[in-house]
Amino acid sequence: MPLVTTKEMFRKAYDGGYAIGAFNVNNMEIVQGITEAAREVRAPMILQVSKGARAYANHTYLVKLVEAAVIECPEIPIALHLDHGPDFETCKSCIDGGFTSVMIDASSKPFAENIEITRKVVEYAHDHGVVVEAELGALAGIEDDVQVSAEESHYTHPEEVEEFVSKTGCDSLAIAIGTSHGAYKFTADQCTRNEKGELVPPPLRFDILDEVSKRLPGFPIVLHGSSSVPQEYVKMINENGGKMPDAVGIPEEQLRQAARLAVCKINIDSDLRLAMTGTIRQFFAEHPDKFDPREYLKPARANIKEMVKHKLIHVLGCDGKA
Ligand SMILES: O=C(CO)COP(=O)(O)O
Ligand SMILES: O=C[C@H](O)COP(=O)(O)O
Ligand SMILES: [Zn+2]
Ligand SMILES: [Zn+2]
C-alpha cells in the first residue's frame, strides 16, 4: 500500500489501547532495521525525519529510502512524518515533497503565536491531505542542537489544550509530562538509586495526561523523548571505549501504561543511536583489523531490528495491528 497518514492508525490505537512507534530515520540501515522489525511482527509504523536528518542525508534520499521500505513491506501501513518542524517553510517543503504527516513545533513561542503558526501549517497541510502534530509544553533535553535545561522545561498546562486544539485544528498533540530528549534525560540529583545502584528517574506525570485526555476525549496524544536508554547498550558503549556516564531513560512499563491511555504515538530515536553505536564500538574492539563498512553495519542493523521488535511488542503493544 502507498504511504498513509496517521489518521486511521491513531483512531485504532486509541480504541485498542496501544501506541504507534515513531522512529527517527537518518540512513538506509536504520530504515531497514526498523521496517524489517515492523514487517515481522505486523506493526503499523511511523518513520520520522528531523530537520537535522534532512540536513545530513538530504530530503530526496530519505523519501526514496522510505518509499523503498514501502515497496518491501507492502502489507504494513507506513506514515512519513516531519519531526519537530521548526517553521511553516520546512513543513511546506515536506508536504510538497511527499510526507504524509508533519509536526510544527512552535512550543517555545508564546501561546498565541504557537496557535497562529500551527493554524497556518494545518490549513496548508489539510488542503494537501497531510495531517499535523503540534506541541504544548517544553521537554527538557537536547532537540535539534538546542539544549533545554530542566529549569527552562515545563509541563503542559491542561487548561490550555482545548482552546489550542479547537483554534488550530491540529490532528494530534505532543505534551510534556516528564519525558525528555536525548540519552541524558535526568541529572543524578533528579533521580533516586535502586538496590543495584542504577539511577531511577522521577515518574511520568500521569495526572497531567489524565487531565488532558479528559479535556480532549478521543484525541491522540504524542510523547516525545521516550527512549528508555537500555543499560545493556550504555554498558556496551562504555566497555568499548565510550564514555556515557549516568545515561538514563524512561522506564518501559511507564511507556506501556501511557500507550494504554490516550497516547497514540511514542517517539524513539536515542535508543536506535545507542544500539548502533554500541554494536559498532564492540565490533571495532573485537575486530581491529576490519574496515569494510558492511561488516559492522550489518550487526548494527540487526540489533536495531531486535530492539525495535522488542518495543513494538512489549512497549507499544502494536504488534499484529497492521
Ligand atoms: O522525541 C524524539 C524525537 O522527536 C526522540 O526522543 P529520544 O531522544 O528519547 O529518543
Ligand atoms: O527530538 C529530536 C530527535 O531525536 C531528532 O534529533 P536530531 O535533531 O539530532 O535529528
Ligand atoms: Zn519541542
Ligand atoms: Zn521529539
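No experiment lies behind these values; they were computed from the predicted model shown.

Asks: If you had to explain the overall build of the protein chain to someone new, which residues and values would you point to?
Replies: Across its full length, the protein chain holds twelve helices and 13 strands. Expected size for 322 residues packed as a compact globule is a radius of gyration near 20 Å; at 19 Å, the protein chain falls within 12% of this value. For the protein chain, the C-alpha atoms occupy an extent of roughly 60 × 45 × 35 Å along the three principal directions. A total of 322 residues make up the protein chain; the buried ones form 55% of that total. For the protein chain, long-range pairs separated by at least 24 residues make up 76% of all intrachain contacts whose partners lie at least 6 apart in sequence. Entry remark: accessible area of the protein chain is about 14,100 Å², with carbon and sulfur atoms responsible for 52%. Here the protein chain holds 34 positive side-chain charges and 48 negative ones, and the gap between their average locations is 4 Å.

Asks: Could you give me a rundown of the side chain of Lys 185, with the residues and numbers involved?
Replies: With respect to the helices and strands, Lys 185 occurs in the loop between strand E9 (180-181) and strand E10 (192-193). Of the side chains bearing the opposite charge, Asp 271 lies closest to the buried Lys 185, which forms no salt bridge; the N-O distance is 6.7 Å. A polar atom in the side chain of Lys 185 sits 2.4 Å from the backbone oxygen of Ser 180. A distance of 3.4 Å separates a polar atom in the side chain of Lys 185 from the backbone oxygen of Gly 225. Dropping the residues within four chain positions of it, Lys 185 is found in contact with Ser 180, Gln 190, Gly 225, Ser 226, Ser 227, Val 229, Val 248, Gly 249 and Ile 250.

Asks: Please set out the packing of aromatic side chains residue by residue, giving values where relevant.
Replies: How two aromatic rings sit relative to each other is given by the distance of their centres and the angle of their planes. Under the criterion given, the structure shown has five aromatic pairs. Considering the side-chain rings of Phe 88 and Tyr 124, the 5.8 Å spacing of their centres and the 80° angle between planes classify their relative orientation as edge-to-face. Separated by 36 residues along the polypeptide, Phe 88 in helix H5 (residues 88-96) and Tyr 124 in helix H6 (residues 111-127) bring together distant segments of the chain. Its relative accessible area of 16% is what places Phe 88 among the buried residues. Judged by relative accessible area, which is 17%, Tyr 124 ranks as buried. The rings of Phe 283, Phe 284 and Tyr 296 are connected pair by pair, giving a single aromatic cluster. Positioned above the aromatic ring of Phe 88 is the side chain of Lys 120, whose terminal nitrogen or guanidinium carbon lies 4.3 Å from the ring centre. Over the face of the ring belonging to Tyr 155 we find Arg 205, whose NZ or CZ atom lies 5.0 Å from the ring centre.

Asks: Residue-level account of the UniProt feature "binding site: Zn(2+) 1" (unreviewed entry) in the protein chain, with values.
Replies: UniProt annotation of "binding site: Zn(2+) 1" (unreviewed entry) refers to His 84, His 181 and His 224 when read in the numbering used here. A maximum C-alpha distance of 11.8 Å among these annotated residues, which run over 141 residues, shows that they cluster at one spot. Of the residues annotated just before, the largest pocket has His 84, His 181 and His 224 among its lining. Residue placement: His 84 occurs in strand E3 (residues 78-85).

Asks: I'd like to hear about unusual backbone geometry, residue by residue, with values.
Replies: Of note in the backbone geometry, Arg 42 takes a positive phi value of approximately 55° without being a glycine. Here Arg 42 is to be found in the loop between helix H2 (28-41) and strand E2 (45-50).

Asks: Any chance you could break down the layout of surface pockets for me, citing the residues and the numbers?
Replies: In this structure, the largest pocket spans a volume of roughly 1,000 Å³. Looking at the largest pocket, it is lined by 46 residues, and the ones nearest its centre are Ile 142, Gly 182, Asp 269, Ser 270 and Arg 273. Where the lining of the largest pocket is concerned, the elements lending two or more residues are E2, helix H3 (51-57), E3, strand E6 (140-143), strand E7 (146-148), E9, strand E13 (263-268) and helix H11 (270-286). Sort the elements by how many residues they give to the lining of the largest pocket and H11 lands first, with six residues. Classifying every residue of the lining of the largest pocket gives 16 nonpolar, 22 polar and eight charged.

Asks: Break down the site of ligand 1 for me, citing the residues and quoting the values.
Replies: In the region of ligand 1, 16 residues are neighbours, and Asp 83, Lys 185, Ser 227, Asp 269 and Ser 270 sit closest. Here an oxygen atom of ligand 1 and a backbone polar atom of Gly 225 are 2.7 Å apart. A distance of 2.6 Å separates an oxygen atom of ligand 1 from a polar atom in the side chain of Ser 227. Protein coverage of the free-state accessible area of ligand 1, which is 310 Å², stands at 96%. Among the detected pockets, ligand 1 sits in the largest pocket.

Asks: So what's going on with empty space enclosed by the protein? Which residues, and what values?
Replies: Scanning the model with the defined rule gives one cavity of 30 Å³ or more in all. Around the largest cavity, the lining residues are Thr 6, Phe 10, Ile 46, His 81, Ser 101, Val 131, Val 132, Glu 133, Asp 171, Ser 172 and Lys 265. Ranked by the residues each element gives to the lining of the largest cavity, the list is headed by strand E5 (residues 131-136), at three residues. Counted by class, the lining of the largest cavity contains four nonpolar, four polar and three charged residues.

Rules and cut-offs
Residues numbered from 1 in each chain as written. Chains lettered and ligands numbered in written order. Predicted model: local features only at pLDDT ≥ 70, side-chain atom pairs only at ≥ 80, totals over all residues. Heavy atoms only, no water. Helix = DSSP H or I, 4+ residues; strand = E, 2+ residues; numbered from the N terminus. Rg over C-alpha atoms; globule rule 2.2 N^0.38 Å. Buried < 20%, exposed > 50% of the residue type's maximum accessible area, 1.4 Å probe, protein only. Contact = heavy atoms within 4.5 Å. Areas by Shrake-Rupley, 256 points an atom, 1.4 Å probe, with all protein chains shown as cover. Lys, Arg positive; Asp, Glu negative; His and termini not counted. Charge placed at Lys NZ, Arg CZ, Asp CG, Glu CD. Salt bridge = Lys/Arg side-chain N within 4 Å of Asp/Glu carboxyl O. Polar contact = N/O pair within 3.5 Å; in protein donor to acceptor, adjacent residues only side chain to side chain. Phe/Tyr/Trp six-rings, centres within 6.5 Å; stacked < 30°, edge-to-face > 60°. Lys NZ or Arg CZ within 6 Å of the ring centre and 35° of its normal. UniProt positions renumbered as here; feature names shortened; annotations may be inferred. 1 Å grid on protein atoms, 1.4 Å probe; cavity = no way out; pocket = protein on both sides within 12 Å on 5 of 7 lines; lining within 4 Å. Points joined across faces, edges and corners; volume = space filled by probe spheres on them. Nonpolar A, V, L, I, M, F, W, Y, C, P; charged D, E, K, R; others polar. Near = heavy atom within 4 Å. Sits in = over half its atoms within 2 Å of the grid points.

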